[in-house]
Amino acid sequence: ATGLPGFRAACARLCLGGEPALVMQASLGYVVTMTQQLLQAAQVVALQRDVFGRHGFKRLQADGTSTEDLHHAEWPEMIP
């Protein structure tokens, strides 16, 4: 992502100038998300899947790696 700083600057200039640049900003968000080492949103989705479907999730360890085995949390029932 060598061109990312320039892409960010171009989007910022457009926004500060009051120009709508929705597609460019969405593209910037996509590129930034896909180049992240750790996706917070993916962790939320995994936890939601475990809550509603009991699919399990991998835990993130202190060194940044995930466990190999699936874990299941004890979630309270949503409907009494």
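Our focus in this paragraph is the overall build of the chain. Scanning the chain from N- to C-terminus turns up three helices and zero strands. In sequence order, the chain lays out its α and β elements as α-α-α. With 80 residues in all, the chain has 14% of them scored as buried. Contacts spanning at least 24 positions in sequence make up 18% of the contacts within the chain whose residues lie at least 6 apart. Carbon and sulfur atoms form 61% of the exposed surface of the chain, whose accessible area is close to 6,500 Å².

To continue, consider a nonpolar patch on the surface. There is a patch of nonpolar side chains on the surface, built from Tyr30, Met34 and Leu39 and spanning about 320 Å² of accessible area. Along the chain, Leu39 turns up in the loop between α2 (22-34) and α3 (40-53).

For the rest of this paragraph, the subject is the confidence of the model for the chain. For the chain, per-residue confidence averages 80 on the pLDDT scale, and residues scoring 70 or more make up 84% of the total. When pLDDT is averaged over each helix and strand of the chain, the minimum, 69, is found for α3 and the maximum, 94, for helix α1 (residues 4-16).

A word on the environment of Phe57. On the secondary structure map, Phe57 appears in the segment after α3. What makes Phe57 buried here is its relative accessible area of 13%. As a C-alpha pair, Phe57 and Val45 span twelve residues in sequence and 9.7 Å in three-dimensional space.

A few words now on the environment of Leu38. As for its position among the elements, Leu38 is in the loop between α2 and α3. According to the relative accessible area criterion, Leu38 is partly exposed, its value standing at 37%. Residue contacts for Leu38: discarding those within four places in its chain leaves Gln43 and Leu60.

Running from N to C, α1 and α2 cross one another at 150°; their axes reach a closest spacing of 10 Å. By the angle class used here, α1 and α2 are roughly antiparallel. When you trace α1 past α2, the crossing you get is left-handed. Residue-level inspection shows Leu4, Phe7, Arg8, Ala10, Cys11, Leu14 and Cys15 of α1 in contact with α2, the latter providing Met24, Gln25, Ser27, Leu28, Val31 and Val32. Taken together, the residues that form the contact of α1 with α2 break down as ten nonpolar, two polar and one charged.

Conventions adopted
- Residues numbered from 1 in each chain as written.
- Predicted model: local features only at pLDDT ≥ 70, side-chain atom pairs only at ≥ 80, totals over all residues.
- Heavy atoms only, no water.
- Helix = DSSP H or I, 4+ residues; strand = E, 2+ residues; numbered from the N terminus.
- Buried < 20%, exposed > 50% of the residue type's maximum accessible area, 1.4 Å probe, protein only.
- Contact = heavy atoms within 4.5 Å.
- Areas by Shrake-Rupley, 256 points an atom, 1.4 Å probe, with all protein chains shown as cover.
- Patch = residues over 30% accessible without salt bridge, like charges linked within 9 Å, V, L, I, M, F, W, Y side chains within 5 Å.
- Salt bridge = Lys/Arg side-chain N within 4 Å of Asp/Glu carboxyl O.
- pLDDT = per-residue confidence, 0-100.
- Axes fitted to C-alpha atoms, helices over the stretch in contact; angles between N-to-C directions.
- Parallel < 35°, antiparallel > 145°, perpendicular 65-115°, else oblique.
- Left-handed = near helix turned anticlockwise from the far one by under 90°.
- Nonpolar A, V, L, I, M, F, W, Y, C, P; charged D, E, K, R; others polar.

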